[in-house]
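Listed below are the residues making up each chain.
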Amino acid sequence: MDPFERMQQQMRNVNSHTEDSKVKREGLQPGESIIMSVDNALSPQQTAELRSLVNQDSIQSIVSKKEEFTNNDEVRRSQVHWLAPDKHEHIYQTVLGIAENSNKKYQFKISAIDQRIQLAIYDESVQGFYRWHMDWGGGALQRKISISIPLNDPSEYEGGNLEFNINGDSISLPQKMGAAIVFPSFILHRVTPVTKGRRYSLVAWIKGEF
Ligand SMILES: O=C(O)CCC(=O)C(=O)O
Ligand SMILES: [Fe+2]
């Protein structure tokens, strides 16, 4: 059998296996949303602690496509803080638990948290935002799963919606303090400008082999 023929044969075997009705399907079911939410991922006390951390110590994060940028062509405007894993192991464990659980649906190859967990502030004073982007890309290990957890109540700000572009439609899940929004890192998403108040979020990326 030539190699191509053999590959086709393998594919047929895989397909006939997954189409077998006796095989319990664990992945995403037809029609099931690829954006998931997990309530009460963090307690009100934990969110308060993380808010005070990012308030005390954060750096400006302006992402621009050009080296010289004007107010109009920036990609992102927010303050960020990178969470130290040794001091916040519990938060790291919580995030990994959410990722592992969600991955029962996604079934991606995942191995670790990318960089550090990020805390961000999007403030009214700079109309904090993050334009349409994807999180994946980079080196040998790709970002596979992205997790965003609002750290304050959305009634405290206007704008600051986390939106996803699904087939050209902008969709969003209700943001709730302490509830995780989980999505594949290849999905286009954005945070709309905060026009009033201040939005806090925790963001983590889970990476794995391509
Ligand atoms: O702040 C958020 O909820 C999302 C931020 C984001 O998309 C990112 O940092 O990649
Ligand atoms: Fe993102």
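Residues numbered from 1 in each chain as written. Chains lettered and ligands numbered in written order. Predicted model: local features only at pLDDT ≥ 70, side-chain atom pairs only at ≥ 80, totals over all residues.

As annotated in an unreviewed UniProt entry, the chain is Fe2OG dioxygenase domain-containing protein from Oceanicoccus sagamiensis. Its UniProt record, at the heading Cofactor (unreviewed entry), says of the chain: "L-ascorbate". (UniProt positions renumbered as here; feature names shortened; annotations may be inferred.)

Another point: the overall build of the chain. Assigned secondary structure in the chain consists of three helices and 13 strands. In the chain, of all internal contacts separated by at least 6 residues, the share reaching a separation of at least 24 is 80%. (Helix = DSSP H or I, 4+ residues; strand = E, 2+ residues; numbered from the N terminus. Contact = placed C-beta atoms within 7 Å.)

Inspection of the region around ligand 1 gives Ala120, Tyr130, Asp135, Ser148, Leu162, His189, Val191, Ser201 and Val203 as its neighbouring residues. Secondary-structure elements contributing two or more residues to the shell around ligand 1 are β12 (189-191) and β13 (194-209). (Near = placed C-beta within 6 Å.)

Moving on, we get to unusual backbone geometry. With phi around 55°, glutamine 107 is a residue other than glycine that occupies positive phi space. Within the secondary structure, glutamine 107 sits in the loop between α3 (89-106) and β4 (112-113).

The next subject is the pairing of strand β9 (residues 162-166). Residues in a regular strand point their side chains to alternate faces of the sheet. Both β9 and β12 contribute to a ladder of three bridges, which runs antiparallel. Opposite phenylalanine 164, over in β12, you have histidine 189 as the bridge partner. Judged from the three bridges that link them, β9 and strand β10 (residues 169-171) form a sheet pairing that is antiparallel. Across the sheet, the residue bridging to isoleucine 166 is aspartate 169, located in β10. Between β9 and the antiparallel strand that follows it, β10, lie two residues; asparagine 167 among them carries a positive phi value of about 50°. (Pairing = 2+ DSSP bridges.)

What follows deals with the pairing of strand β5 (residues 118-123). Note: strand β3 (residues 74-82) against β5, four bridges, orientation antiparallel. Opposite tryptophan 82, over in β5, you have glutamine 118 as the bridge partner. Where β5 lies against β13, six bridges are found, and the strand directions are antiparallel. Along β13, the bridge assignment pairs tyrosine 122 with arginine 199.

Let us look at the environment of glycine 178. On the secondary structure map, glycine 178 appears in the loop between β10 and β11 (180-184). Residue class for glycine 178 comes out buried when judged on the 21 C-beta atoms lying within 10 Å of it. Spatially, the C-alpha atom of glycine 178 lies 4.6 Å from that of leucine 42, the residues being 136 residues apart in sequence. (Buried ≥ 20, exposed ≤ 12 C-beta atoms within 10 Å, placed from the backbone.)

Helix length check: α3, at 18 residues, gives a terminal C-alpha distance of 25 Å against a target of 26 Å (1.5 Å per residue), a fit within 8%. Where α3 is buried, its residues meet β1 (36-38), β4, β7 (141-150), β11 and β13. In the stretch just after α3, glutamine 107 is the one whose phi turns positive, near 55°. (Expected span 1.5 Å × (residues − 1).)

All right, on to helix α2 (residues 44-56) then. Compared with the 18 Å implied by 1.5 Å per residue over 13 residues, the 18 Å span of α2 between its first and last C-alpha is a close match. Among the residues making up α2, those that are buried are Thr47, Leu50 and Val54. On an axial view of α2, the arc spanned by its buried residues comes to 65°, and they lie on one face. Along α2, exposed side chains directed more than 90 degrees from the buried face belong to Pro44, Gln45, Ser52 and Gln56. Residues of α2 that are buried make contact with β3, β5 and β13. (Arc of directions from axis to C-beta.)

Residue-level pLDDT values for the chain average 86, and 80% of them are 70 or greater. In the model output, the complex is listed with pTM 0.84 alongside ipTM 0.98. (pLDDT = per-residue confidence, 0-100.)

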